[in-house]
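Observations on the model geometry
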Amino acid sequence: MHTQRTVLLAGATGLVGGLMIEALLADPQVTTVHALSRRALRISHPKLRVHLVDFQTLPALPQVDEVYLALGTTIKVAGSQAAFRAVDLDANLAVAVAAVAAGARRVGVVSAAGADSTSSVFYNRTKGKLEDALKTLGFEGLVIARPSLLLDTREHLNQPARLGERIAIPVAKLLAPILPGTYRPVHARAVALALVRSVPATQGIVELPSDALIRLGTPAP
């Protein structure tokens, strides 16, 4: 059985991050959730501590046991490749480095299917560079979630509609049974639950492709 834990989450206003914070707050073994955010959160909870920060100049962080990284954007929203990299790579990595200094021993990160630091695709290359950097920080446990297409809309987050997702999600649902496990579409809740369930006990590096996320993140009956 895991001991009482204090955790840190970056990206609570996003699709997966919002579901992760719900799961962490509901976990009786989590005593405090420190959420780093650029803007106020819509939720409140006795265990929740929200820290409004600039991810380019992070302050010293409170003592924590685990850190969850779910910061992400799109090139369209960010406006350029450099701005995308500043969020998906630089901000996540800055939080991880600061969390190590604050005592974090384990980390869970939302990456992507196809992540590879040597990829010719900018998106996959950026995600891969973050994974590679996290592996050098000396965490006792590192869980890398690599979801394929997320089967969820973002309307409730007041985020811009993603035309590609509107087209791809219905097609992916039809093709899901024949797609390779790595590229099987997955619900954001499964990604969130798989990370929250896996990180506390992980030793070493664990990579979770979409099919593993579906299996580990399926709510108990």
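Here's what I pulled together on the structure shown here. (Residues numbered from 1 in each chain as written. Predicted model: local features only at pLDDT ≥ 70, side-chain atom pairs only at ≥ 80, totals over all residues. Heavy atoms only, no water.)

1. Focus on the nonpolar core
The condition is simple: Within this scheme, the nonpolar core is defined by two criteria: the residues are buried Ala, Val, Leu, Ile, Met, Phe, Trp, Tyr or Cys, and they are joined through side-chain atoms within 4.5 Å. Three exposure classes are used, based on accessible area relative to the maximum for each residue type with a 1.4 Å probe and protein chains only: buried under 20%, partly exposed in between, and exposed over 50%. Helix and strand definitions follow DSSP, with helices as H or I runs of at least four residues and strands as E runs of at least two, each counted in order from the N terminus.
Val16, Met20, Ile21, Val33 and Tyr68 are the most contacted members of the largest nonpolar core, which totals 35 residues. When residues of this core are traced back to their parent elements, those giving at least two are β1 (5-10), α1 (15-26), β2 (30-37), β6 (141-146), α6 (188-198) and α7 (210-217). One finds Val95, Ala96, Ala102 and Val109 within the second-largest nonpolar core, a separate group that totals 26 residues.

2. Considering the sheet that holds strand β7 (residues 204-209)
Rule in force here: Pairing between strands requires that DSSP locate at least two bridges from one strand to the other. Only C-alpha atoms enter the line fits that serve as axes; for helices the fit covers just the stretch in contact. Angles between N-to-C directions range over 0 to 180 degrees. Contacts are assigned to residue pairs with any non-hydrogen atoms lying within 4.5 Å of each other.
In space, the seven strands of this open sheet follow the order β3-β2-β1-β4-β5-β6-β7, with parallel pairing throughout. With partners counted over all chains shown, the strands left at the sheet margins are β3 (48-52) and β7, one partner each. Each adjacent strand pair in this sheet contributes to an overall mean axis angle of 15°, direction not counted. The pairing of β2 with β3 spans five bridges and is parallel. Within β3, the residue paired with Leu36 across the bridge is His51. Contacts from α6 reach β4 (66-69), β5 (106-110), β6 and β7, with the element oriented near 170° to β6.

3. Description of the environment of Val186
By secondary structure assignment, the location of Val186 is in the loop between α5 (163-175) and α6. As a C-alpha pair, Val186 and Ser210 span 24 residues in sequence and 6.3 Å in three-dimensional space.

4. Some words on α7
For an α-helix, 3.6 residues make a turn, and residues three or four places apart therefore share a direction. The cut-off we apply is this: Here, the arc refers to the directions that run from the helix axis to the C-beta atoms.
Three or more residues of α7 are buried, namely Ser210, Ala212, Leu213 and Gly217. Down the axis of α7, the buried set is contained in an arc of 160°. They therefore lie on one face. Close packing links the buried residues of α7 with β6, α6 and β7.

5. Concerning the packing of α6 against α7
Put simply, the test is: Between 65 and 115 degrees an angle is taken as roughly perpendicular, under 35 as roughly parallel, over 145 as roughly antiparallel, and anywhere else as oblique. Residues are grouped as follows: Ala, Val, Leu, Ile, Met, Phe, Trp, Tyr, Cys and Pro are nonpolar; Asp, Glu, Lys and Arg are charged; every other residue, Gly included, is polar.
Taken N-terminus to C-terminus, the directions of α6 and α7 make an angle of 75°; their axes are 8 Å apart at the nearest point. By the angle between their axes, α6 is roughly perpendicular relative to α7. For the pair formed by α6 and α7, the contact residues are Arg189, Ala190, Val191, Leu193, Ala194, Arg197 and Ser198 on the first element and Leu213, Ile214, Leu216 and Gly217 on the second. Taken together, the residues of the contact of α6 with α7 sort by class into seven nonpolar, two polar and two charged.

6. Thoughts on the packing of aromatic side chains
Note the following rule: The criterion for an aromatic pair is that two Phe, Tyr or Trp rings (for Trp, the six-membered ring) have centres within 6.5 Å, with stacked assigned to planes under 30 degrees apart, edge-to-face to planes over 60 apart and tilted to the rest.
A full pass over the atoms with the stated rule returns two aromatic pairs. With 5.7 Å between their ring centres and 45° between their planes, Phe84 and Tyr123 make a pair best called tilted. Taken together, the positions of Phe84 in helix α3 (residues 81-101) and Tyr123 in helix α4 (residues 122-135) put the pair 39 residues apart, joining distant regions of the chain. Among the aromatic residues, ring-to-ring pairing joins Phe84, Phe122 and Tyr123 into one connected group.

7. Structural notes on the pattern of salt bridges
For clarity, the cut-off: Criterion for a salt bridge: a side-chain nitrogen of Lys or Arg within 4 Å of a carboxyl oxygen of Asp or Glu.
Summed over the entire model, instances satisfying the criterion amount to nine salt bridges. The salt bridge involving Arg85 is made with Asp90; its shortest N-O contact spans 3.9 Å. The partly exposed category is assigned to Asp90, whose relative accessible area is 37%. Connected through salt bridges with shared partners, the residues Glu131, Lys135, Arg146 and Glu207 form a single ionic network.

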